[in-house]
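Notes for the structure review
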Amino acid sequence: MKLSHVFQSLKARHSPTRVTLQQYGTLFATYLGPQWLRACVMALLLIGSIVLELLGPQIIRTFIDTLQSDSRMQALSIIALLYLGVALSSRLVAAFATYFSEDVGWNATNQLRADLTRHCLNLDRSFHAAHTPGELLERVDSNVETLVTFFSQFVIRILGSGILMLGILVLIARENVWFGAILGVYLILSNIIFVYVQRRATSIYTLHWQAEAELSGFWGELFHGLEDVTSSGAAHYMMRRYFHLQRRENTTEIKSIVFWAGFECTGLILDVISMLIVLILSASLFVQGMISLGTLVLLLTYTAQLLAHAFDIAEQLGTLQQASASIERINEIYQTQSGVQDGPGVTFPTGALALTFQNVSFSYEAAQTVLHTISFQLAAGEVVGLIGRTGSGKTTLMRLLTRFYDPTSGSVCLGGQDLRQARLDDLRARIGLVTQEVQLFQGTLRDNVTFFADTIPDQRILEAIEQLGMSTWYERLPQGLDTELSSDGGGLSAGEAQLLACIRVFLQQPQLLLLDEATSRLDPATEKILTQATRRLMAGRTTLVIAHRLSTVESVDHIMVLEDGRVLECNTRAALACDPTSHYNHLLRMMNAEDMLA
Ligand code: ATP
Ligand code: MG
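Residues numbered from 1 in each chain as written. Chains lettered and ligands numbered in written order. Predicted model: local features only at pLDDT ≥ 70, side-chain atom pairs only at ≥ 80, totals over all residues. Heavy atoms only, no water.

**Description of the sheet that holds strand β5 (residues 417–418)**
Spatially, β2-β1-β4-β5 is the arrangement adopted by the four strands of the open sheet, whose pairing is antiparallel. On the outer flanks of this sheet lie β2 (371–378) and β5, each paired with one strand and no other. Strand direction decides the pairing type here: strand β1 (residues 355–362) and strand β4 (residues 409–414), joined by five bridges, are antiparallel. Its bridge partner being in β4, Q358 is matched across the sheet by S411. Packed on one face of the sheet, helix α11 (residues 394–401) meets β1, β2 and β4 and runs near 115 degrees to β1. (Pairing = 2+ DSSP bridges. Helix = DSSP H or I, 4+ residues; strand = E, 2+ residues; numbered from the N terminus. Contact = heavy atoms within 4.5 Å. Axes fitted to C-alpha atoms, helices over the stretch in contact; angles between N-to-C directions.)

Structural data, given as structure tokens:
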């Protein structure tokens, strides 16, 4: 038995098993049901390999007994060939059974992984805010990985070993009832010891598991913020923290290895004792002439097989524990329902969409209201510049429009339709969003603007670039659409990333445009191109733009000023600029044209 396997399986015992039989049943039915034919083949092969494994020692007994009574070479050769045939077929059938079980296991877990990924994608932002990417990765990948063994080996080994052991016990008892009884008692005893050790192991493995998780979390945090860590001179601090965490991980690991060694020793001692008893008993039976030499060998071989499979079952029970912990964690995700539910579907008008916020209040957490009874209307095709201090709720307001969250009270209507009634994918297809931080993906510029959709021809992308007035920028790119970008920023500045987002939105042709300008200062050339691109994007669309630059606000019809989640003022830009008491006028006076507004 591989130490690492059992070690792994014991490690998982940190979590109490609360998975019910019904849950196991549902899981098997959902993911093994569609593969029933393969599962049947797997079961048949399993039974075949068990029968062949039981047959081996019987042939050896016949061989020895024949050798003693009638040593004709021909009979002996036939028996030897038969043994060879049985041994070979047993290996072959076992190999096929393993292949099928792995296949069934991987198919089942691939499906489970796909279902989980889909489910996670549909969960709202509050779920994603509460779970780190590392944690989700562990659940969708590592926890599901554990179930491969559960779906494949668990069945083949627990069931297989169980049936095999029962068969061996019956065959041994047929030879000698006492033998059967002694081995039966031994198995029960060793299982009791195993369960006891397993319980003791829980606390040790919990500590090790926690230390490991903390270390992984540390790596995630470090690599994510590598730029900040190195630039702020925090590398020494991070190294100290790393040493601390690594030391804890090592200490707990050593403890668990020592524990495992003790456990394995106990197992070995038990094995040796039981083998000794069997040897003494069978030798005395042989000396008294009650059993033949062949039967003696048969009993010893069966005992060795029995002990090996008893350990195998113990190991597999560990896998079951590990699977239970994983199923529990996966179930937690499945049971999380998105706070944002898909609506029945509505028909939106074509062209630019009117927008209405009616007494909208919202809070991320119950204790802190971020938006307070906000009401405003935007006619179709109007462009509104949203300004306000940092943290005033501008981005939040946009998140309500894309239904990343729903308002705590009040309603948001688009094209006269309540957003809650619309289907989410239909709604989001009508809204173009350019956020403060544009996410790039590992791939070419083409992949990044089309989101890997190969149905959009290059010609359309190039037209979009031209119509947005970005040709000069595009021509500077070394490989044009084939320029490789990477998910960590890929050599694009914040402004350039927003240019890329503009192309994405232009290709989408939305009816409502939401623009959250990059707060970082852009170089004049990029800013000029971006301003031109966004202006062209706004044409013929209702637009809500969070403006951080005067140049953007200059082109809007209306201005809305937010402060602490409340609308401070909302009017035409000209009216607010002329009103000396207005906040906007105050801002204009305070800042020169180059300054940020927020
Ligand atoms: P900025 O100009 O800096 O982008 P903003 O006006 O867009 O600011 P929001 O991001 O809307 O501000 O945040 C408004 C308030 O909501 C802030 O107090 C912020 O701390 C809080 N907030 C934002 N996102 C979350 C979140 N996911 N969970 C909890 N609180 C949040
Ligand atoms: Mg913001």
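**Quick word on the nonpolar core**
One finds M470 and I503 to be the most contacted residues of the largest nonpolar core, which totals 44 residues. Examining the composition of this core, we find that nine residues originate from one element, helix α16 (residues 494–508), more than from any other. The next biggest cluster of nonpolar side chains, apart from the first, holds 31 residues, and it includes V346, F348, Y405 and L562. (Core = buried A, V, L, I, M, F, W, Y, C linked by side-chain atoms within 4.5 Å. Buried < 20%, exposed > 50% of the residue type's maximum accessible area, 1.4 Å probe, protein only.)

**Thoughts on the pairing of strand β12 (residues 566–572)**
Strand direction decides the pairing type here: strand β11 (residues 558–563) and β12, joined by six bridges, are antiparallel. Across the sheet, H558 pairs through a bridge with T572, a residue of β12. Here β11 folds back onto β12 in antiparallel fashion, the turn holding two residues, of which D564 has a positive phi close to 45 degrees.

**Quick look at the pairing of β1**
Relative to β2, β1 runs antiparallel, the two sharing five bridges. Bridge assignment links L355 to a residue of β2, and that residue is L378.

**A short note on the UniProt feature "transmembrane region" (unreviewed entry) in the chain**
With numbering aligned to this structure, UniProt lists the feature "transmembrane region" (unreviewed entry) at residues 36–55, 76–100, 150–172, 177–197, 257–281 and 293–311. As annotated, residues 36–55 has a helix share of 100% and a strand share of 0%, and its two end C-alpha atoms lie 29 Å apart. (UniProt positions renumbered as here; feature names shortened; annotations may be inferred.)

**Quick word on the site of ligand 1**
Taken together, 15 residues are adjacent to ligand 1, and T390, G391, K394, T395 and T396 come closest. In this structure, T390 approaches ligand 1 through a side-chain N or O atom, which is 2.5 Å from an oxygen atom. Between T396 and ligand 1, the recorded distance is 2.4 Å, taken from a side-chain N or O atom to an oxygen atom. Notes on ligand 1: free accessible area 630 Å², of which the protein chains cover 70%. Here the residues of the shell around ligand 1 are counted per class, giving three nonpolar, eight polar and four charged. (Near = heavy atom within 4 Å. Polar contact = N/O pair within 3.5 Å; in protein donor to acceptor, adjacent residues only side chain to side chain. Areas by Shrake-Rupley, 256 points an atom, 1.4 Å probe, with all protein chains shown as cover. Nonpolar A, V, L, I, M, F, W, Y, C, P; charged D, E, K, R; others polar.)

**What about a nonpolar patch on the surface?**
On the surface, W178, I182, I269, I273 and I277 cluster together to form a nonpolar patch covering roughly 510 Å² of accessible area. Contributing elements (two or more residues each) for the nonpolar patch: α7 (177–224) and α9 (235–287). Counting residues per element, the nonpolar patch draws most heavily on α9, which supplies three residues. Looking at the element boundaries, I277 is found in helix α9. We classify I277 as partly exposed; its relative accessible area is 39%. (Patch = residues over 30% accessible without salt bridge, like charges linked within 9 Å, V, L, I, M, F, W, Y side chains within 5 Å. Salt bridge = Lys/Arg side-chain N within 4 Å of Asp/Glu carboxyl O.)

**Focus: the sheet that holds strand β3 (residues 383–388)**
Read across the open sheet, the six strands follow the order β6-β9-β10-β3-β11-β12; overall the sheet is mixed. Only two strands of the sheet have a single neighbouring strand rather than two, namely β6 (431–434) and β12. Strand after strand, the sheet turns through a mean of 15 degrees between neighbouring axes, direction not considered. Pairing of β6 with strand β9 (residues 512–516), which is carried by four bridges, proceeds in the parallel orientation.

**Concerning the packing of aromatic side chains**
Under the definition given, this model contains twelve aromatic pairs. Between F357 and F376 the ring centres are 4.7 Å apart and the planes differ by 15 degrees, which places this aromatic pair in the stacked class. Of the two residues, F357 sits in strand β1 while F376 sits in strand β2, which places them 19 residues apart along the sequence. Residue class for F357 comes out buried when judged on its relative accessible area of 1%. Judged by its relative accessible area of 7%, F376 falls in the buried class. Summarising the aromatic geometry, the rings of F362 and Y364 are spaced 5.0 Å apart at their centres and angled 80 degrees between planes, so their arrangement reads as edge-to-face. Judged by relative accessible area, Y364 falls into the partly exposed class, the value being 33%. Taken together, the aromatic side chains of F218, W219, F223, Y242 and F243 make up a single cluster linked through ring pairs. (Phe/Tyr/Trp six-rings, centres within 6.5 Å; stacked < 30°, edge-to-face > 60°.)

**Re the environment of N176**
Looking at the secondary structure, you find N176 in the loop between α6 (133–175) and α7. Exposure remark for N176: the relative accessible area of 12% places this residue in the buried category. Between the C-alpha atoms of N176 and T581, which are 405 residues apart in sequence, the distance is 105 Å. A distance of 2.9 Å separates the side chain of N176 from the backbone nitrogen of W178, its partner in a polar contact.

**Thoughts on the environment of V561**
For V561, the position within the fold is in strand β11. Here V561 falls in the buried class, since its relative accessible area comes to 1%. Sequence separation between V561 and K394 is 167 residues; the distance between their C-alpha atoms is 9.4 Å. Those residues in contact with V561, other than ones at most four positions away along the chain, are I387, R566, V567, L568, E569 and H583.

**Considerations on the side chain of T66**
Following the sequence through the fold, T66 ends up in helix α3 (residues 36–69). For T66, the side chain forms a polar contact with the main-chain oxygen of T62, separated by 2.4 Å.

**Describing the pattern of salt bridges**
What the rule picks out here adds up to 13 salt bridges. Between D342 and R423 there is a salt bridge whose closest N-O contact spans 3.1 Å. With D342 in the loop between α10 (293–335) and β1 and R423 in the loop between β5 and α12 (424–429), this pair connects stretches of sequence that are 81 residues apart. According to the relative accessible area criterion, D342 is partly exposed, its value standing at 38%.

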